[in-house]
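Here is what each chain is made of, one letter per residue.
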Amino acid sequence: MTEPLLCLKDLSIAYRVGTHDTIAVEGATFDVQPGSIVGLVGESGCGKTTLARSLTRVLASNARIAGGQAVFCGEDIVGLSERAMNGLRWREIAFIPQSAMNSLDPVYTVGSQLAEVLIRRGGMGRRAARTRSEELFEWVGIETNRLGDYPHQFSGGMRQRVAIALALALDPKLIIADEPVTALDVIVQRQILDQLRELRERLGISVILVTHDISVVAYVCDRVVVMYAGRVVETGPMAATLTAPAHPYTMGLRNAFPDLASAAGELTPIEGSPPDLANPPPGCRFAPRCPFVEARCQTDVPVLQSYEGDHLAACHRIAEAETLRKRAMASETWEVPA
Amino acid sequence: MSDALTPVGKSPGRFTRLRRALGSIRLPLHDPLAIIGLAIYAFFIVMAIFAPQIATHDPNEILFTSEFTIAADLRPGVDGYLLGTTTLGRDVFSQIVWGARSALLIGLTAAFMVALIGSVVGVVAGYFGGWVDMILMRLADVAFGIPFLPFVIVLAAFLEPSIWNVVIAMALVLWRDTGRVIRSQTLTLRNRVYVEAARVSGSSDFKIILRHIVPNVLPLSFLYGSIAIGWAILTEASISFLGFGDPDSISWGYMLQDAYASQALSKGSYYWFVPPGILIILIVSAGFFITRGYEQILFPKLDR
Amino acid sequence: MNDTDPPLVRLDAAELHFPIGGTLAQLRGSATVVKAVDGVTFELRRGESVGLLGESGCGKTSTGRMLVRLDKATGGRVEFDGEDVSTLTGAALKRFRSRVQLIFQNPFEALNPRFSIRDVLAEPLDNALIPKAEHEERILRAMALVKLGDAAQFMGRYPHQLSGGQLQRIVMARALILEPEFIVADEPVSMLDVSVRAGVLNVFREVRAKTGITAIYISHDLALVRYVCERTIVMYLGRIVEDGPTEDIVANPLHPYTQALVAAVPVPHPDQSHAPLPIGRGAPDPRNPPSGCTFRDRCPKAFDRCTVEAPSPTRIQNRIVHCHLFDLET
């Protein structure tokens, strides 16, 4: 196995509210191989956006990395000085924030916004920047004669492509995209996802795709990282993880998503809601909603352990995963007694 | 989840609704300047209410000394006149105290009229749009064109000099700012999804305005009302100082005019014109402090 | 459901056109017209649940708004129970409002943040002049219908204290409290987390099963529409392109646009096709729709007739398709 591009080990991020520290992400551990698309999936509030932002160290002013490592190309980003980190941003690691299509400056043409990144950060000359801009637009599938247009002249999907072009500008090794297709229509969504796959083929870049939609993950990702209440609960190759999940939360997630390809079945929600991170339950954080909960789940924190090769899950009952999977497919398992 | 229907309690009565709407008006108790402003207002309100008890004499009464001469231009402290007397022999202190009444009376009435007219115009124009909006905003434009102080003077020339001239003038002209701002706010509110939801639920325009628009607009009305109090008092003072005020009612502005006409400055009678000047400054500043406190409540992101 | 019963809802060449540009431009006639809905015709029978499916700009939301009289049709006819919806006034309008309701898309915006939940649910009752004595019972019934049976704990709370899923159920409860006959749901779960959607959708299904209410479900997500609706109407740029039973449309889409839509939906497991979509790139712009068939500039199967003539509805088995490919009479 090749050296991973990014290796997270026990990364923790805390928010300070008043005098109190809330741990938004705790002990996150997973790898990103070069040239792979990793899906970071979970509900709102599970910490996936916070984790994504921490990888370029653009966190809110009251947030900080509280522990662990994030080793990128052999260097731990956590300990880097701001100046060194700035050298990495855009050039090695690029971040596409949520609703990036709305974050384009409306008073400048998209061409000039692209040029600004290329010239200011990439140190290119004007002509080189122009050539590169045209190349980037070709890569993301926008006509090059639109470089002189303003953001409002593009549709939502096109603006999202512009955001991707901006991220690709300086040839980064890793792109972190936060919910890049959530606000888009299904046809545009599919075209953007296809674009990401093509870029992976052509340029060998890696992508961390943050999303709450496992169908998007199933379409485009090689690996999945499932987060719940600030912790990584499962990670593994996409096919194995989604067809044979080892963590009850992932099993439940599958039931909550409609599947157009198979017969119309029941959608079973996971009752309840994620815990308040200011006051998390001891032991496993999913225990209050888990249909397979045992006594030790409420006291001992489960650690990520290998289920099969590089498919890992954090569940005390991991050995029984196959049996639990079968039970999870029945909707009665998920009913909460009155 | 049991199937038994648990009672939900009584629906709120009319008074709860009123209380809740008024509850949208909060006192700006977080800002130290605003608290000072509120304290100053409280002080003046007490002074106004208890004027008969606090004042030592009748402010209009021409007083005599023990030697049966007019108690004119007496220094403070002489003969028990706390702040001395005017050239005509009237007690300055009592005039100050009773002046608080006219100041507050005019201030509050004018502020109420401005806030009321401005809010009604703003809500109607903003909500109904179309030609109603156009007509009302043209009226506002006319009002904007009128220079306020000259207008009051002209009004005083036509009507009898009275402290209510200021109130009438303000009611006719100064609603314009409030009207504009409240119209903007109403326009924003009108397009809110919950207002559309109310329409789909069958609410009539009147009910929508009452339930959804007014409670959200009331804090702004209050804000502009509190700005108007200061203006009213200042205007009344100016009018009285210029000699167009009501000679029969004692106000601080009138005191200033009286002092000026009696050449108090050259006589060095500071005890006469300094107190009313200071009090005018105090009450108007207090009004602005409170207004500032409200701005922070209504638009909390302004400071950052 | 008797086929000979008159339809409950009927649209006949309904149009919703918005002029943009100021009054001067309109007077001059040079203003651009946004044809949000451009000639839509369909019928709904009592008890049917129909999905209105399409991407942004297709006119599905505008159609929904015309159906509940939030916008008046600028052309054609919108009928509910035989009456023209756009011309209702006074008492007739009031009665209409208690028979037809809308579930809004964004639960965080659809409730007045100053209103307690009890206020929210009492508002429609007040409007319909339901006597105060009946309020409590109706509120309880509506809450039970949306599976918030332990209603008392919600009554005094305010929207910011509740989760998205709970809020959306309250929006539904508000829509159902007057026991309407027809409900339009405008993308009711699109603002919710995907794991919460299932719960709300199940409530929707149960409400339909229990009350037999007629429903239109507006969405851009075919998988969701399929979960809730037996019949689907696919729209593109203000017009209908296909109308038929949902399962048939999913299994065998006829119109090229529907084919692209079905192929574009990702599924939550690895066995899926990554083949390129059979559709041209480009965004539908209701200000400047192509002549003839509005889909022709993106259609992989367009031919010369498509530029000239808008397709008329063609009946194929139990479906209606608006496409020249199926319109064999020249």
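Residues numbered from 1 in each chain as written. Chains lettered and ligands numbered in written order. Predicted model: local features only at pLDDT ≥ 70, side-chain atom pairs only at ≥ 80, totals over all residues.

1. Regarding the overall build of chain A
Across its full length, chain A carries 10 helices and 12 strands. In terms of C-alpha radius of gyration, chain A reaches 21 Å, essentially the compact-globule figure of 20 Å for 338 residues. Seen through its C-alpha atoms, chain A measures out along the principal axes to roughly 65 × 50 × 40 Å. Buried positions account for 48% of the 338 residues belonging to chain A. A separation threshold of at least 6 residues defines the contact pool for chain A, and within that pool the share at least 24 residues apart is 65%. (Helix = DSSP H or I, 4+ residues; strand = E, 2+ residues; numbered from the N terminus. Rg over C-alpha atoms; globule rule 2.2 N^0.38 Å. Buried ≥ 20, exposed ≤ 12 C-beta atoms within 10 Å, placed from the backbone. Contact = placed C-beta atoms within 7 Å.)

2. Points about the overall build of chain B
Scanning chain B from terminus to terminus reveals 13 helices and zero strands. Helices and strands appear in chain B in the N-to-C order α-α-α-α-α-α-α-α-α-α-α-α-α. Of all 304 residues assigned to chain B, the portion counted as buried reaches 44%. Contacts in chain B between residues far apart in sequence, at least 24 positions, make up 72% of those at least 6 positions apart.

3. Brief notes about the sheet that holds strand β2 (residues 32–44) of chain C
Residues and elements named next belong to chain C. With respect to topology, four strands assemble into an open sheet ordered β2-β1-β4-β5, the strand pairing being antiparallel. Strands with a single pairing partner mark the edges of an open sheet, and in this sheet they are β2 and β5 (83–84). Inspection of the sheet shows strand β1 (residues 9–20) paired to strand β4 (residues 75–80) by five bridges, in the antiparallel sense. What sits directly across from E15, in β4, is G75. The strands touched by helix α2 (residues 60–67) within the sheet are β1, β2 and β4, with β2 carrying the most contacts at an inclination of about 65 degrees. (Pairing = 2+ DSSP bridges. Axes fitted to C-alpha atoms, helices over the stretch in contact; angles between N-to-C directions.)

4. Let's talk about the sheet that holds strand β9 (residues 223–228) of chain A
Residues and elements named next belong to chain A. In spatial order, the strands read β6-β7-β8-β3-β9-β10-β12-β11; together these eight strands make up an open sheet with mixed pairing. At either end of the open sheet lies a strand with only one pairing partner, and these are β6 (93–96) and β11 (305–308). Within this sheet the neighbouring strands show an average axis-to-axis angle of 20 degrees, counted without direction. Sheet topology note: the β6/strand β7 (residues 174–178) ladder contains four bridges and is parallel. Paired with A94 across the bridge in β7 is I175.

5. Description of the confidence of the model for chain B
Summary statistics for chain B give a mean pLDDT of 81 and a share of 88% for residues scoring 70 or more. Note that residues 1–14 of chain B has pLDDT below 50 and, in this model, 24 contacts with residues that lie over four places away or in other chains. (pLDDT = per-residue confidence, 0-100.)

6. A short note on helix α5 (residues 132–145) of chain C
Residues and elements named next belong to chain C. Between its first and last C-alpha atoms α5 spans 21 Å; for 14 residues at 1.5 Å apiece the expected length is 20 Å, and the two agree. Buried positions along α5 lie against α4 (117–127), α7 (164–176) and α8 (194–211). In the segment just after α5, K147 is the residue with positive phi, at about 60 degrees. (Expected span 1.5 Å × (residues − 1).)

7. Section: the interface of chain B and chain C
Counting residues at the interface gives 23 residues for chain B, matched by 31 residues for chain C. Ranked by residues supplied to the side of chain B that touches chain C, first place goes to helix α9 (residues 193–200) of chain B with seven residues. Residue composition of the side of chain B that touches chain C, by class: 10 nonpolar, eight polar and five charged. (Nonpolar A, V, L, I, M, F, W, Y, C, P; charged D, E, K, R; others polar.)

8. Things to note about the environment of L196 of chain A
Here L196 of chain A is to be found in helix α6 (residues 186–203). If sequence neighbours within four positions are ignored, L196 of chain A has contacts with I37, V207 and V220 of chain A.

9. What to know about the packing of helix α3 (residues 110–121) of chain A against helix α5 (residues 156–168) of chain A
All names here are of chain A. Orientation of α3 relative to α5, taken along the N-to-C sense of each, is 20 degrees, at an axis distance of 9 Å. For the element pair α3 / α5, the angle class is roughly parallel. Along this stretch, α3 crosses α5, giving a crossing that reads as right-handed. Every residue of α5 that contacts α3 at V110, Q113, L114 and V117 is listed here: V162, A165 and L166. Counted by class, the contact of α3 with α5 contains six nonpolar, one polar and no charged residues. (Parallel < 35°, antiparallel > 145°, perpendicular 65-115°, else oblique. Left-handed = near helix turned anticlockwise from the far one by under 90°.)

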